[in-house]
Amino acid sequence: MATIDRQTPTLALAHALAAAGRGLPVFPLSATKLPALRSPHRGEQPSAHCRGECGLPGHGVHDATTDPAAVRALFAAAPRATGYGIACGRAPHRLIGIDLDVDPAYGSDAAGALRQLALQHLFTIPPTVTVLTPSGGRHLWLTGPADATVPNSAGRLAPGIDIRGTGGYLVGPGSVTAHGRYRLAPGTAHLTPAPCPRALLRLLTPPSGRAPRTGTSPASGTTSGPATGSGAPANAARRGEGLIQFVLAAHEGQRNTRLFWAACRAYEHGFGDALADGLTAAAVRTGLPEHEARAAIASAARLTSGRGEEHDGAA
């Protein structure tokens, strides 16, 4: 557990100023990870909702700024601040925070759940800024496009994975809380936040009232086979042919991943067993050993049946 002493507020300000200098909007936090400044509207009617329009500090994430003078003023008004928050969803970075927990109550760690999602939807988390939390978890920093609004969520993507988007904030590295210090993971201090993979962004911003197209390749955003939604042809053979072609197009390093994704789609739509031999033959043609292909398909069958085992085969 990190020690909170007289120098902690000074160091928190220094870290916050450094972050603001990199274009990250910041504001002071207390040792509880909550905003350090009390609302100037406490005691007023709930309808008196203000996001800083009054010009006074004390509006939490809405106080966040990149202006050094304004940052100093906020910390001067919060002399006991021990850390700082970074507002997500704000220009220029439009930060998206992927909060991975390690609570054993989830049955498996959140990092493993994210790897499973990556295998299912064919995306890779690029090297990016990573912050280690006092509890043993980590925050991955990604950036989003200007035309996408990522909502905050807790456990919606998978158990143990929380998302910090527009209106949310991340505890900045160098902050000290009652449970310890937040720090940059080794090897990531020189990095800048990486763009959020398109397939992951689609999971974070599901279109309202519209089912996703499972015939779309999450890796490239291009259609790899017939859509399997309600407007798709009912012919399973035709749908299966699209998945087989998707596997046949795999290059070395993505054969296992493409096969697993295709098998998941086939089992989700009820013709996995019928397509297993065809998928196996296609994978073998790309150079994947037959036993690895069968193992990947079996793993997809277990996953989609609800048992949820993680596929960890080598590519």
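Everything numeric here is computed off the predicted structure, so don't read it as measured data.

Cut-offs used in this document
Residues numbered from 1 in each chain as written. Predicted model: local features only at pLDDT ≥ 70, side-chain atom pairs only at ≥ 80, totals over all residues. Heavy atoms only, no water. Core = buried A, V, L, I, M, F, W, Y, C linked by side-chain atoms within 4.5 Å. Buried < 20%, exposed > 50% of the residue type's maximum accessible area, 1.4 Å probe, protein only. Helix = DSSP H or I, 4+ residues; strand = E, 2+ residues; numbered from the N terminus. Polar contact = N/O pair within 3.5 Å; in protein donor to acceptor, adjacent residues only side chain to side chain. Contact = heavy atoms within 4.5 Å. Phe/Tyr/Trp six-rings, centres within 6.5 Å; stacked < 30°, edge-to-face > 60°. Pairing = 2+ DSSP bridges. Axes fitted to C-alpha atoms, helices over the stretch in contact; angles between N-to-C directions. Expected span 1.5 Å × (residues − 1). Bend = angle between axes of the 7 residues up to and from the residue.

(A) Spatial organisation of the nonpolar core. Ranked by size, the top nonpolar core spans 29 residues in total, and within it V26, V71, F75, Y84, I86, L95 and W141 carry the most contacts. At the level of secondary structure, the elements contributing two or more residues to this core comprise helix 1 (8-21), strand 1 (26-29), helix 2 (68-77), strand 2 (83-87) and strand 8 (169-171). With six residues, helix 1 is the largest single contributor of residues to this core. Listed in part, the 25 residues of the second largest apolar core include L122, F246, L259 and L303.

(B) The side chain of H139, seen in detail. As for its placement among the helices and strands, H139 is situated in strand 5 (residues 138-143). Owing to a relative accessible area of 6%, H139 belongs among the buried residues under this scheme. A polar atom in the side chain of H139 sits 3.5 Å from the side chain of D99. Residue contacts for H139: discarding those within four places in its chain leaves I98, D99, V129, T130, V131, T133, L170, V171 and Y182.

(C) Geometry of the packing of aromatic side chains. Tallied over the entire structure, the rule returns two aromatic pairs. A ring pair is formed by F27 and Y169, whose centres lie 5.1 Å apart and whose planes are at 85 degrees; its orientation type is edge-to-face. Separated by 142 residues along the polypeptide, F27 in strand 1 and Y169 in strand 8 bring together distant segments of the chain. Relative to W261, the ring of F246 lies with its centre 4.8 Å away and its plane at 55 degrees, an arrangement referred to as tilted. Residue F246 is found in helix 5 (residues 236-248), and its partner W261 is found in helix 6 (residues 255-268); the two are separated by 15 residues along the sequence. Residues F246 and W261 agree in their burial class; the two are buried.

(D) Representation of the sheet that holds strand 1 in the model. The strand order across the open sheet formed by three strands is 1-2-8, and the pairing between neighbours is antiparallel. Both edges of this open sheet fall to strand 1 and strand 8, since each of them pairs with a single strand only. When strand polarity is set aside, the average angle formed by the axes of neighbouring strands in this sheet is 35 degrees. The sheet contact formed by strand 2 and strand 8 spans three bridges and is antiparallel. Considered in strand 8, the bridge of G85 is made with V171. Strands strand 1 and strand 2 of the sheet are contacted by helix 1, whose axis makes an angle of about 20 degrees with strand 2. Against the sheet, helix 2 contacts strand 1 and strand 2, and its axis sits at roughly 10 degrees relative to strand 1.

(E) Inspection of helix 7 (residues 272-285) at higher detail. If you check helix 7, its first and last C-alpha atoms are 19 Å apart, about what 14 residues at 1.5 Å a residue would give, namely 20 Å. At G278, helix 7 is bent by approximately 25 degrees, the largest bend along its length. Residues of helix 7 that are buried include every one of G272, L275, A276, L279, T280, A282 and A283, and no others.

(F) Expanded view of helix 1. The end-to-end C-alpha separation of helix 1 is 20 Å, in line with the 20 Å expected for 14 residues at 1.5 Å each. In this structure, the buried residues of helix 1 make contact with strand 1, helix 2, strand 2 and strand 9 (176-177). G23 sits one or two positions beyond helix 1 and adopts a positive phi of about 85 degrees.

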